[in-house]
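Listed here are the chains, written in short residue letters.
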Amino acid sequence: MKRVTIDPITRLEGHGKIEIFLDEKGDVANAYLQIPELRGFERFCVGRPVEEMPNLTARICGVCPEAHHMAATKALDAVFHVDPPETAKKLRELFYSIFFATDHTTHFYALGGPDFVVGPDAPKAERNILGVVKKVGLEIGGQVIKMRHVGHSLIQMIGGRRVHPNWGLPGGVSKGITEEQRREIEAAGREAIEFAKFSLDLFDKLVLKNSDYVSLITGDVYVQKTYYMGTVDANNHVNFYDGMVRVVGPDGREHAKYHPRDYREYIAERVEPWSYLKFPYLKKVGWKGFVDGPDSGVYQATPLSRLNAADGMATPLAQKEYQRFYEVLGGKPVHHTLATHWARLIELLYAAERWVELASDPAITGKDYRVLPKEKPTEGVGCVEAPRGTLTHHYVTDERGLVVKANLIVGTTNNNASICMAVRRAAQKLIHGFEIREGLLNRVEMAFRSYDPCFGCATHTLPGQMPLEVIIRNADGAVLERLTQCLD
């Protein structure tokens with residue numbers, strides 16, 4: 001049996017590799033997405049004061065620290081049994097909407113977009129943000145950079161830092177915003193709406209009007225018929241900051257709708273010996289292996305999943321795009337994973353619209369932005385939608401407020417089984433008769449790239465099995481003994 005290795009895989013957060021095994025005919029017998037890195041933050045948290053969690057867990061990632069900061073802050077509300085005032089909740093959601101719009105911009109233009117804007121078979125030296133700028137022009141490239149610059153500047157204004165904010169507290173936030181800052185935030189939000197509309201128009205021109213790309217999206221290479229998860233508001237519309245977690249089946253019918261604190265009744269986690277990522281699955285359906293369909297507990301939690309799990313978007317322009325999305329793709333649910341890139345742009349528009357709604361709210365400049373906790377800390381769950389999926393933080397403390405147990409189910413972790421299945425399916429559909437071209441291998445990578453995975457965030461399983469080699473030499477440098485673990 002021949003082995004083909006893609007190492008490192010590119011345009012993602014974190015590190016990973018793909019191992020493809022060919023049979024005697026040169027077809028794909030199996031393929032594995034392996035994550036060799038270990039972060040272990042669930043263990044780092046144990047023994048630390050629980051009020052450190054918003055800042056400590058934000059260090060998991062340099063791309064989406066705001067998501068961990070917010071999930072941890074909401075978990076502290078529950079740990080200290082305190083309900084933040086209205087202004088605090090609106091400030092948090094405003095901050096989070098700005099982050100979401102900025103993060104989705106990063107993925108579309110720098111990570112996922114090059115496969116479509118430059119082309120999946122273009123030279124690999126051009127399949128990057130510089131290739132995108134070359135293709136669309138310097139003016140548009142400047143708009144992308146400006147969007148990210150403004151987003152991070154506002155994150156710093158509200159949250160204290162451009163990266164790794166230091167702002168969320170149990171019962172609220174450490175500071176509010178002034179009227180002058182509100183006007184600046186609102187004006188930037190209106191520009192973000194125009195940027196999101198422009199990005200959707202660009203997707204129309206470059207992707208939807210290209211029959212080869214449409215065939216690629218709607219063909220049978222990138223299809224997963226799984227369950228879908230996302231947070232919804234009281235009207236079953238997509239919400240990133242708060243709400244109930246809703247799960248729909250491969251047929252689109254509701255499977256479950258639960259409060260985030262009850263996640264353990266619905267989600268179980270599985271460990272495989274060849275990866276540091278856990279494999280969450282739907283407890284009431286069960287683990288049936290790496291297969292899709294209604295009898296398999298494998299689910300997805302992505303921008304596409306959030307649209308599939310919801311009944312619509314809560315803002316007018318995003319709702320219009322939501323309806324067009326399903327009209328073009330033949331109704332709900334959509335199982336074509338490459339359509340996730342389109343769904344991500346619809347979410348970018350929603351985030352920008354919600355950004356302006358909150359910045360225009362008179363309560364946003366209120367001075368009542370924190371309630372001091374008075375109860376002893378115990379246990380709490382915080383949940384938000386990270387750009388890469390539903391993010392859950394769960395802490396248990398002792399009577400002194402020291403963490404005795406931490407569990408994190410990260411956005412990418414939810415999608416782990418589905419990503420592995422997507423990579424295997426793409427490899428089996430695309431590679432035949434020992435024909436292995438660089439362009440084909442990139443199309444295999446496109447299977448995981450649509451999920452926008454962040455493996456730095458997601459690797460927490462312990463006990464770990466770190467690959468290790470120890471060589472003992474004498475004074476002359478000769479090898480006396482070689483000890484290894486977890487090496488081929």
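Since the model is a prediction, treat every value here as computed from it, not as a measurement.

A. Structural detail: the UniProt feature "binding site: Fe cation" (unreviewed entry) in the chain. In the numbering used here, UniProt assigns the "binding site: Fe cation" (unreviewed entry) feature to Cys 64 and Cys 457. Note that Cys 64 resides in the loop between helix H2 (53–56) and helix H3 (65–79). Cys 64 sits in the buried class, given a relative accessible area of 3%.

B. How the structure looks around the environment of Phe 108. Relative to the helices and strands, Phe 108 resides in helix H4 (residues 86–112). In this structure, the C-alpha to C-alpha distance between Phe 108 and Leu 345, residues 237 residues apart in sequence, is 7.8 Å. Once you skip the residues sitting within four places of it in the chain, Phe 108 turns out to touch Gly 113, Pro 114, Phe 203 and Leu 345.

C. Examining the nonpolar core more closely. One finds Ile 20, Leu 94, Ile 185, Phe 325 and Trp 355 to be the most contacted residues of the largest nonpolar core, which totals 129 residues. A per-element tally of this core places helix H12 (residues 340–359) first, with 13 residues. Tyr 227, Ala 256, Val 285 and Ile 409 belong to the second largest nonpolar core, which has 16 residues in total.

D. Inspection of the UniProt feature "binding site: Mg(2+)" (unreviewed entry) in the chain at higher detail. Here, the residues flagged by UniProt with the feature "binding site: Mg(2+)" (unreviewed entry) are Glu 42, Leu 408 and His 460. From its side chain, Glu 42 meets the backbone nitrogen of Leu 408 in a polar contact 2.8 Å long. Residue placement: Leu 408 occurs in strand S14 (residues 403–409).

E. Representation of the pattern of salt bridges. Under the definition given, this model contains 33 salt bridges. Where Arg 306 meets Glu 385, a salt bridge forms, and the shortest distance between an N and an O atom there is 2.8 Å. Of this pair, Arg 306 sits in helix H10 (residues 303–309) while Glu 385 sits in strand S12 (residues 379–386), and the two are 79 residues apart along the sequence. Take Arg 306 and Glu 385: they sit in the same class, and that class is buried. Here the residues in one salt-bridge network are Glu 179, Arg 182, Arg 183, Glu 186 and Arg 190, joined through shared partners.

Reading the values: the criteria
Residues numbered from 1 in each chain as written. Predicted model: local features only at pLDDT ≥ 70, side-chain atom pairs only at ≥ 80, totals over all residues. Heavy atoms only, no water. UniProt positions renumbered as here; feature names shortened; annotations may be inferred. Helix = DSSP H or I, 4+ residues; strand = E, 2+ residues; numbered from the N terminus. Buried < 20%, exposed > 50% of the residue type's maximum accessible area, 1.4 Å probe, protein only. Contact = heavy atoms within 4.5 Å. Core = buried A, V, L, I, M, F, W, Y, C linked by side-chain atoms within 4.5 Å. Polar contact = N/O pair within 3.5 Å; in protein donor to acceptor, adjacent residues only side chain to side chain. Salt bridge = Lys/Arg side-chain N within 4 Å of Asp/Glu carboxyl O.

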